[in-house]
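Structure assessment
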Amino acid sequence: MNIHILRSKHEIDRVVSNELIQLVKTNPACVLGLATGSTPLGIYGLLVKDHQNNHTSYQSVTTVNLDEYIGLEITHPETYHQFMHRNLFNHIDIKSSNTHIPNGLSQDMIQACLDYDQLLSKYVPDIQLLGIGANGHIGFNEPNTPFDSTTHIINLTQKTREDNARFFNNIDEVPTQAITMGIQNIMDAKKIILIATGASKAKAVHDMISGDVTPSLPASILQKHPNVDIYLDKDAAKLLLEKK
Ligand code: PGA
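Basis of the calculations
For every chain, the first residue of the written sequence is number 1, and numbering continues from 1 along that sequence. In keeping with the predicted nature of the model, local features appear solely for residues at pLDDT of at least 70, side-chain atom pairs appear and are counted solely at 80 or more, and the whole-chain, interface and lining totals rest on all residues. Note: side-chain values were computed over all heavy atoms of the structure, leaving out hydrogens and water. Numbering goes from the N terminus for both helices and strands, where a helix is a DSSP run of H or I of at least four residues and a strand is a run of E of at least two. Pairs of N or O atoms within 3.5 Å make up the polar contacts considered here, provided that, within protein, one atom can donate a hydrogen while the other can accept it, and that residues adjacent in sequence are counted only when both atoms are side-chain atoms. Two residues form a contact once any of their heavy atoms are found within 4.5 Å. Being paired, for any two strands, means DSSP has found at least two bridges between them. Convention adopted: a line fitted to C-alpha atoms gives each axis, helices being fitted over their contacting stretch, and angles between N-to-C directions are expressed from 0 to 180 degrees. Working definition: residue near molecule or strand if any one of its non-hydrogen atoms lies within 4 Å of it. Ten residues, namely Ala, Val, Leu, Ile, Met, Phe, Trp, Tyr, Cys and Pro, are considered nonpolar, four, namely Asp, Glu, Lys and Arg, are considered charged, and the remaining ones, Gly among them, are considered polar. Here a helix's expected span is defined as the number of its residues, less one, multiplied by 1.5 Å.

Mapping N164 onto the fold places it in helix α5 (residues 158-164). At 3.1 Å, the side chain of N164 forms a polar contact with the side chain of Y69. Each residue touching N164, except ones within four places of it in the same chain, is listed here: Y69, Y80, F140 and V174.

This is the structure:
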């Protein structure tokens, strides 16, 4: 794991967006593994700005997203489908048919999982972006998800629903289930960039880097991936810094 502790969230957004832009320029048919939540918002904003100013083209890029809520209508503003279109896809020249997000509205969710695994076997991310939950989840792989899991349906923990309630009117509106890439799918990415900012992530970050590799902290498996960059601000890194 390569750990980078930067001055600010903005600095992280700048460095990571530059890396993604360089990848798209040098490998126009690359596969980007994308994430939702607050963490990647600034990065997507910078990709859009670069596209507008420098015309970096996403015509041949394919994207695969980590996860999606189950049961929210596709028009609901908090689906990850809407999130990705609102914050990135609508503002760059990517082909809609090249963007992939798990289907949280399938009549047959088991088949939807198998279909997504099939897709992932074809489109292996050159870079997978990740945030981390305060409980150590990656994607929606909650604590004690098996490390060899592939795309599956997950019951969201109370903690995750509480953390995400800020995007909804109240916690009762937060879906109870999601469809997510499994931990094995995430580990198959050629490179992983995980970003964590803010003190609420400090414990999970510390345990991910310095703790045991254990399913009770899903992100700890990243210790075993050969190509991981972790970007932290000082707040998220504070327990690591205290140790030094
Ligand atoms: P956040 O979520 O980016 O909204 O903090 C990260 C995650 O839960 O993986």
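With respect to topology, three strands assemble into an open sheet ordered β4-β8-β7, the strand pairing being antiparallel. Every interior strand has two partners, whereas the edge strands, β4 (67-69) and β7 (152-155), have only one. Direction aside, the axes of adjacent strands within the sheet are offset by 25° on average. Across three bridges, the pairing between β4 and strand β8 (residues 177-180) is antiparallel.

Here the focus is the site of the ligand. Around the ligand sit G37, S38, T39, G131, I132, G133, H137, R166 and K201, and those are all the residues in its vicinity. Between the ligand and S38 there is a distance of 2.9 Å, counted from an oxygen atom to a backbone nitrogen or oxygen. The separation between an oxygen atom of the ligand and a polar side-chain atom of R166 is 3.0 Å. Split by residue class, the shell around the ligand holds one nonpolar, six polar and two charged.

Over its 14 residues, helix α4 (residues 109-122) runs 20 Å from end to end, which matches the ideal 20 Å to within 8%, given 1.5 Å per residue. Those residues of α4 that are buried lie in contact with β3 (62-65), β5 (99-100), β7, β8 and α6 (183-187). One side-chain oxygen at the N-terminal end of α4 lies 3.3 Å from the backbone nitrogen of I110; it belongs to D108.

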